[in-house]
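Each chain, letter by letter, is given below.
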Amino acid sequence: MQTIAITPPAFYPGEAQAIAGILLNRGFWRVHIRKPDAAESAIRALIEEIPAELRPRLSIHNALHLAEQYGLGGVHLNRHTPLPPQGWHGLISRSIHSIAEIDTLSNEDYAFISPVFPSISKPGYNPTFTIGQLSETIRRNQVNRTRIFALGGVTPARLPRLESAGFAGAAMLSEAWRPQIPADNFKLQFITHPTGNLSVVDGARKALEGGCRWIQLRWKDASTGQLIDAGREIAAMCRRHNATFIIDDHVSLVHHLRADGVHLGQNDMTVSHARAILGPMKIIGATANTLPQMVQAKKQGADYIGLGPFRFTQTKKNLSPVLGLEGYRTLLSSFHTDTPVVAIGGITDPDIPPLMSTGISGIALSSTILSDYDPAARTAAILSIINN
């Protein structure tokens, strides 16, 4: 089935590149540009950054006259703009919100019906019909050439169910732009920490040489200049190793250093504030020590949760209460979500198998690797434990 991505309402840095990437690399049929409160000049600027050869795969929701001017492939109609531009010959789509409206469709190539599931981006916005009722209506109206796309609460995991119900496709907003976290990278995360023998850059290099593919630049006492210098070197090394590069705390440096995302502690910027600055395609991790903190991080849009500490660690000041193995079991059994969780804080080799059995997706380490006389070999040995 065909999938459509709908842009977030707000603009963000690198959005044109994200749109191009989702069309070229993620298998989406079309992207709908929906910026309800934006000035026309801002929409123009976004379109002009998107390669001309991809514009036929774009549809626009407001300022519809820009579609012909920029060679866009479609316009989307709603109660604010109920008619296409005069003489329009491209694709036409429309939003509907009830089963009865399906019978009113006539000239549209496809229509979004929403919400099919409880909305992800609008909490409390729930469907007033069932998938079964929609399926029956869609199959009964197959003589109508308008194809019906599901919208609202759609995730990749729900696509097979929607296809079997007769939907021609599905549209996604937040789920379409969610950053993809490579599971192989996530399973071992190295957190930098300067030692008497190794700088943060050298420590990251050793971890990468040992096979780690997730580096978090954490250097609490460094100046901004020191972080930028170290970040540039680590970012380049991560790109060479196809590794994920995360910056601790400093949201403002993520785009500057071309990092994959940021990790936020309980006393740092909120996840929702960071998301507004970084946009939807950067990874945002959040530290948690309790179930309410885990739920709050997920609600605000965290892509993963750093849960800890497992035990006392000297690499972090103002430590939260130690969880221990039983704490992880209790919290993960109550945290019903697919958001990945990484364990952190004083973890050693023998702790890894029982910790992995609690349901976590990864282990974050610092001193366990850095304290070894051969950090690269220690990293490789830890990966072997995780993989086995």
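Residues numbered from 1 in each chain as written. Predicted model: local features only at pLDDT ≥ 70, side-chain atom pairs only at ≥ 80, totals over all residues. Heavy atoms only, no water.

1. Topic: the packing of aromatic side chains
Consideration 1: In this structure the tally under the stated criterion is 9 aromatic pairs.
Consideration 2: The lysine or arginine in question, R147, covers the ring of W29, its NZ or CZ lying 5.2 Å from the ring centre.
Consideration 3: Between the NZ or CZ atom of R158 and the centre of the ring of F117, over which it lies, the distance is 4.3 Å. (Phe/Tyr/Trp six-rings, centres within 6.5 Å; stacked < 30°, edge-to-face > 60°. Lys NZ or Arg CZ within 6 Å of the ring centre and 35° of its normal.)

2. Here's the deal with the nonpolar core
Consideration 1: Judged by nonpolar contacts, the single largest core of 59 residues is most densely connected at I215, I234, F245, M294, Y328 and I363.
Consideration 2: Of the residues forming this core, the biggest block, 7 residues, is contributed by helix α9 (residues 224-240).
Consideration 3: Among residues more than four places away in sequence, those in contact with Y328 are L307, G308, P309, F310, L323, A343, I344, L355, T358 and I360. (Core = buried A, V, L, I, M, F, W, Y, C linked by side-chain atoms within 4.5 Å. Buried < 20%, exposed > 50% of the residue type's maximum accessible area, 1.4 Å probe, protein only. Helix = DSSP H or I, 4+ residues; strand = E, 2+ residues; numbered from the N terminus. Contact = heavy atoms within 4.5 Å.)

3. Remarks on the sheet that holds strand β6 (residues 110-113)
Consideration 1: With parallel pairing, the 8 strands of this closed barrel are ordered in space as β1-β2-β3-β4-β5-β6-β7-β8. Within this sheet the neighbouring strands show an average axis-to-axis angle of 25°, counted without direction.
Consideration 2: Inspection of the sheet shows strand β2 (residues 30-33) paired to strand β3 (residues 58-60) by 3 bridges, in the parallel sense. The residue bridging I33 from the neighbouring strand is I60, located in β3.
Consideration 3: Across the sheet, helix α1 (residues 15-25) lies against β1 (2-6), β2 and β3, angled at about 155° from β2, the strand it touches most. (Pairing = 2+ DSSP bridges. Axes fitted to C-alpha atoms, helices over the stretch in contact; angles between N-to-C directions.)

4. Looking at unusual backbone geometry
Consideration 1: The linkage connecting S114 with the following residue, P115, adopts the cis geometry, with an omega of -10°.
Consideration 2: Note that the residue after G308, namely P309, is joined by a cis bond; omega there is 5°.
Consideration 3: Its identity as a non-glycine residue notwithstanding, A63 has a phi of 55°, on the positive side.
Consideration 4: In this fold, A63 is placed in the loop between β3 and α3 (66-70).
Consideration 5: Despite not being glycine, N242 has its phi angle at roughly 55°, a positive value.
Consideration 6: Within the element layout of this structure, N242 appears in the loop between α9 and β11 (244-248).
Consideration 7: Look at N242 and you get exposed, because its relative accessible area is 64%.

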